[in-house]
Amino acid sequence: MNARWKAFLPLLACLPLALISMSVTGFQFGVNNNIFHIPYVLDLASSPEFAGDAFSQSLGKFTSALWPLVRLIANESNVRDVFLVLASISRLLALVAVLYLVRLNGVKSIGAQIACLSVVAVTPLMTGYSPIGSDGLFLPYFTHSEVTWPAVFMSLALMQRSRIVAAASFTGIAFALNAFVGIWMVFVNIASRIFDTRRLPRAGEILKYGAVVGLIALPILVWISFAVLGAKPGAPFSYIEYVREFYPNHFLIEAASKDRSAALMVMFVCGLIGALHTANPRYWVGVQLSVLALLVVGSFLPYLINRRFIFNLHLLRADGLEQAVSILLCAMAAVKLWVGGTSARQRWMGVIVLVGLLSWPKSLAGLMLPVTALALLAGLSDQADAIPVRAAGQWIRRHETALAWLATAGFGGLFLFEAVKLGAGAGLAARLAFVAVALYLIWRPRFVASWTPVKATTTCTLAALLVSGLAIQQRMTNDPGPSASSQDWDDLVAWVRASDIHGVFLVPLDGSDNFQLRARRPVWVGAVQGAAVMWEPSFYAQWSPRFNDLLPLKTAREFIAYASAHQIRHVVIDTQTGDCAAPAELVKRTGRYALCRVGNAAGAM
């Protein structure tokens, strides 16, 4: 195979790795924020069933360029498949953007690039949600938040190359997909460039950058303007009290636990050290610091300015950007040490970081990340001259051996902790096997003498495949399939959807959003529906009283009494808390769940 075709191998590897990544996270449909996406895509608000439903009617103000495009190709029969295909394409594009980024930062060999992609594709630290702001990384369902990652990674990479117009283009795309992410990226682009170049941008650069971002973002800006100007008048309320009531994790630092905050700060430190292993350390340190600035401002600004605009910036969720960038920088540094380390010690430091990124679960991140930081520091001796603070570089050179021993001791301690506290399982066995192979390869004289990227890459990629298999097996173990009670719920929801019963349904909060989406019937109040207040403030006057009314209700009798008092004709109850007692009568029962009709209720809207 000639050199030109070999250069395409990492790009071709993105496809199977994207599929492996999707297998690791799994795919779910109709969960979480899909309760906003699916009704908009299928235009349920235009159906007679939802003509009087305030939540459904508000979704036209849920601004993202993605969903009108999805609406063009999705319908009731194919919407799940459309979401699955688009989620897979999004993951693929994210890995392609990662490939472009790692090529810019000293990961030169084909094998090393594939190894980096393998790590990013399967590491548990790139799945799920960020620790403080609960921002989405690689998620098990399709959402516009994850679709922004390819644009974010490309914008960062292109700004590193001083490609201002190209970087602005991807920042504009990020804004069009998710406006607050675009706003973050404008700040991060400008601040990181100032830090890198040590000068303020020229007027021409600012004009070019602003014009390109503004042009691409213009349709969404117009949509947002119409949404804001067309907001229905409502009674004033405190936004900070609303988010405390609804979901403080996205917005208020008070909701973050100390251990999660500490884990994010250690991850930030790992990212800073990882940045020193890149081709342009100063730029990536600037990126890390600018994202940290967003988090610091987001920690106190909502308490100073209690306004809808401030909360819609979602500044605390920038910790997801901090986490993603840190993991990318650590993955690049680890692979460079493992593949290209100039000594056995450096290669061993790369192994420590790789094992930590590849396989240890998030529950051990608080213990694993400090070990990662020590290993990355110990591997910095060759790049010590590139460290901005000369004294820090000299200190690392003097203490390289001690740092390596500390990292090794911490690494061994993690294995001991897992074996004693969590028990010896498949994950522990796989990590031990990988370490044993790595040690053999590192210290075998003939292997070291003939060190090639292909050998290291093969080991790393096989480890990624093994870890992905373990992750899939663990996910399937934790999700053994539908229980009898969930099947009862599914049966009731399907029966209601197929029936000729219409009107508003009173449903317990833990199933209300699921019911409205799947039964295609409006509910009295949905827990997650409270998010609509962010784009339709007048909805708060309806949502908050109803939500708080239902919070204390526990028994079937209490739900029936509430329905009777509020003229709600149909009530869904959990029969473990009681039966359809007077003034209600049973309409349908499917095992654990029952639909009751309240005899004296005329029907509410």
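These lines cover the structure that appears in this document, whether it is placed above or below. These numbers were taken from a predicted model, which means no experiment stands behind them. (Residues numbered from 1 in each chain as written. Predicted model: local features only at pLDDT ≥ 70, side-chain atom pairs only at ≥ 80, totals over all residues. Heavy atoms only, no water.)

1. Here we look at the overall build of the chain
Logical step 1: Counting its secondary structure elements, the chain contains 28 helices and four strands.
Logical step 2: The buried share of the chain, reckoned over its 605 residues, is 54%.
Logical step 3: The long-range share in the chain, meaning contacts at least 24 apart out of those at least 6 apart in sequence, stands at 71%.
Logical step 4: For the chain, the accessible surface area stands at approximately 25100 Å², while carbon and sulfur atoms represent 65% of it. (Helix = DSSP H or I, 4+ residues; strand = E, 2+ residues; numbered from the N terminus. Buried < 20%, exposed > 50% of the residue type's maximum accessible area, 1.4 Å probe, protein only. Contact = heavy atoms within 4.5 Å. Areas by Shrake-Rupley, 256 points an atom, 1.4 Å probe, with all protein chains shown as cover.)

2. With respect to helix α10 (residues 164–177)
Logical step 1: For α10, built from 14 residues, the straight-helix expectation of 20 Å at 1.5 Å per residue is met to within 8% by its first-to-last C-alpha distance of 20 Å.
Logical step 2: All of the buried residues in α10 are Ile164, Ala167, Ala168, Thr171, Gly172, Ala174, Phe175, Ala176 and Leu177.
Logical step 3: Check the buried side of α10 and you find it contacts α5 (66–71), α8 (144–147), α9 (149–160), α11 (179–197) and α12 (203–229). (Expected span 1.5 Å × (residues − 1).)

3. Notes on the sheet that holds strand β3 (residues 584–590)
Sheet strands associate in pairs through backbone hydrogen bonding, adopting either a parallel or an antiparallel arrangement.
Logical step 1: Ordered by their spatial adjacency, four strands build an open sheet running β1-β2-β4-β3, and the pairing between neighbours is mixed. Single-partner strands in this sheet number two, and they are β1 (505–506) and β3.
Logical step 2: With two bridges joining them, β1 and strand β2 (residues 570–574) adopt parallel strand pairing. Each residue of the ladder has a partner; that of phenylalanine 505, found in β2, is histidine 570. (Pairing = 2+ DSSP bridges.)

4. With respect to a nonpolar patch on the surface
Logical step 1: Residues Val296, Val297, Phe300, Leu304 and Ile305 make up a contiguous nonpolar surface patch of about 430 Å² in total accessible area.
Logical step 2: Structurally, valine 296 is set in helix α15 (residues 281–304). (Patch = residues over 30% accessible without salt bridge, like charges linked within 9 Å, V, L, I, M, F, W, Y side chains within 5 Å. Salt bridge = Lys/Arg side-chain N within 4 Å of Asp/Glu carboxyl O.)

5. Let's talk about the state of the cysteines
Logical step 1: A complete count under the given rule lists one disulfide for this structure.
Logical step 2: Each disulfide pairs two cysteine sulfurs, and for cysteine 580 the partner residue is cysteine 596, the sulfurs being separated by 1.9 Å. Between cysteine 580 and cysteine 596, the S-S dihedral sits near -70°, and the bridge is therefore left-handed. Here cysteine 580, found in the loop between β2 and β3, pairs with cysteine 596, found in strand β4 (residues 593–598); they are 16 residues apart in sequence, far enough to count as distant.
Logical step 3: Relative accessible area serves as the criterion here: at 0%, cysteine 596 is assigned to the buried category.
Logical step 4: Among the cysteines around cysteine 270, which has no disulfide bond, cysteine 330 carries the closest sulfur, lying 4.9 Å off.
Logical step 5: Among the residues examined, cysteine 330 registers a relative accessible area of 2% and is labelled buried. (Disulfide = S-S within 2.5 Å.)

6. Describing the packing of α11 against α15
For any two helices packed against each other, the geometry is given by the interaxial angle and the distance between the axes.
Logical step 1: Relative to each other, α11 and α15 sit at 135°, their axes nearing to 8 Å. Our classification of the angle between α11 and α15 gives oblique. Where α11 crosses over α15, the two elements pack in a sense that is right-handed. Between α11 and α15, the contacting residues are Trp184, Phe187, Val188, Ala191, Ser192, Phe195 and Asp196 on the first element and Arg282, Tyr283, Val285, Gly286, Val287, Leu289, Ser290, Val291, Ala293 and Leu294 on the second. (Axes fitted to C-alpha atoms, helices over the stretch in contact; angles between N-to-C directions. Parallel < 35°, antiparallel > 145°, perpendicular 65-115°, else oblique. Left-handed = near helix turned anticlockwise from the far one by under 90°.)

7. Examining the pairing of β3
Logical step 1: Alignment of β3 against β4, held across six bridges, turns out to be antiparallel. Looking at the pairing, leucine 586 lines up with cysteine 596 of β4.

8. Structural notes on the packing of aromatic side chains
Logical step 1: In total, this model carries 29 aromatic pairs according to the counting rule given.
Logical step 2: Pairing phenylalanine 36 with phenylalanine 62 gives two aromatic rings, centres 5.7 Å apart and planes at 45°, and the pair type is tilted. Of the two residues, phenylalanine 36 sits in helix α3 (residues 34–41) while phenylalanine 62 sits in the loop between α4 (54–58) and α5, which places them 26 residues apart along the sequence. The exposure classification of phenylalanine 36 matches that of phenylalanine 62, with both residues buried.
Logical step 3: Taking 6.1 Å as the distance between ring centres and 25° as the angle between the ring planes, the aromatic pair formed by tyrosine 239 and phenylalanine 311 counts as stacked. Of the two residues, tyrosine 239 sits in helix α13 (residues 239–246) while phenylalanine 311 sits in helix α16 (residues 308–312), which places them 72 residues apart along the sequence. In this pair, the class of tyrosine 239 matches that of phenylalanine 311, namely buried.
Logical step 4: By way of ring pairs, the aromatic residues Phe237, Tyr239, Tyr242, Phe246, Tyr247, Phe251, Phe311, Tyr540, Trp543 and Phe547 are connected into one cluster. (Phe/Tyr/Trp six-rings, centres within 6.5 Å; stacked < 30°, edge-to-face > 60°.)

9. Focus: the pattern of salt bridges
Logical step 1: Evaluation of the coordinates by the stated rule reveals 16 salt bridges.
Logical step 2: Glutamate 536 serves as the salt-bridge partner of lysine 61, at 2.6 Å between the closest nitrogen and oxygen. Residue lysine 61 is located in the loop between α4 and α5, and its partner glutamate 536 is located in the loop between α26 (509–519) and α27 (540–550); the two are separated by 475 residues in the primary sequence. Glutamate 536 shares its class with lysine 61; the two are buried.
Logical step 3: Measuring nitrogen to oxygen at the nearest pair gives 2.9 Å for the salt bridge that ties arginine 520 to glutamate 76. Remark: glutamate 76 occurs in the loop between α5 and α6 (79–104) and arginine 520 occurs in the loop between α26 and α27; sequence separation between them is 444 residues.
Logical step 4: What makes arginine 520 buried here is its relative accessible area of 12%.
Logical step 5: With relative accessibility at 43%, the residue glutamate 76 sits in the partly exposed group.
Logical step 6: Overlapping salt bridges bring together Arg193, Arg199, Arg202 and Glu205 as one network.

10. Here's the deal with the side chain of glutamate 49
Logical step 1: Among the secondary structure elements, glutamate 49 is positioned in the loop between α3 and α4.
Logical step 2: No salt bridge is formed by the buried glutamate 49; its nearest oppositely charged neighbour, arginine 521, is found at 4.1 Å.
Logical step 3: One polar contact links glutamate 49 to histidine 502, side chain to side chain, over a distance of 2.6 Å.
Logical step 4: Among all residues touching glutamate 49, those that are not within four sequence positions of it are His502, Gly503, Arg520, Arg521 and Pro522. (Lys, Arg positive; Asp, Glu negative; His and termini not counted. Polar contact = N/O pair within 3.5 Å; in protein donor to acceptor, adjacent residues only side chain to side chain.)

Interpretation note: all reported values are geometric properties and have no functional meaning in isolation.
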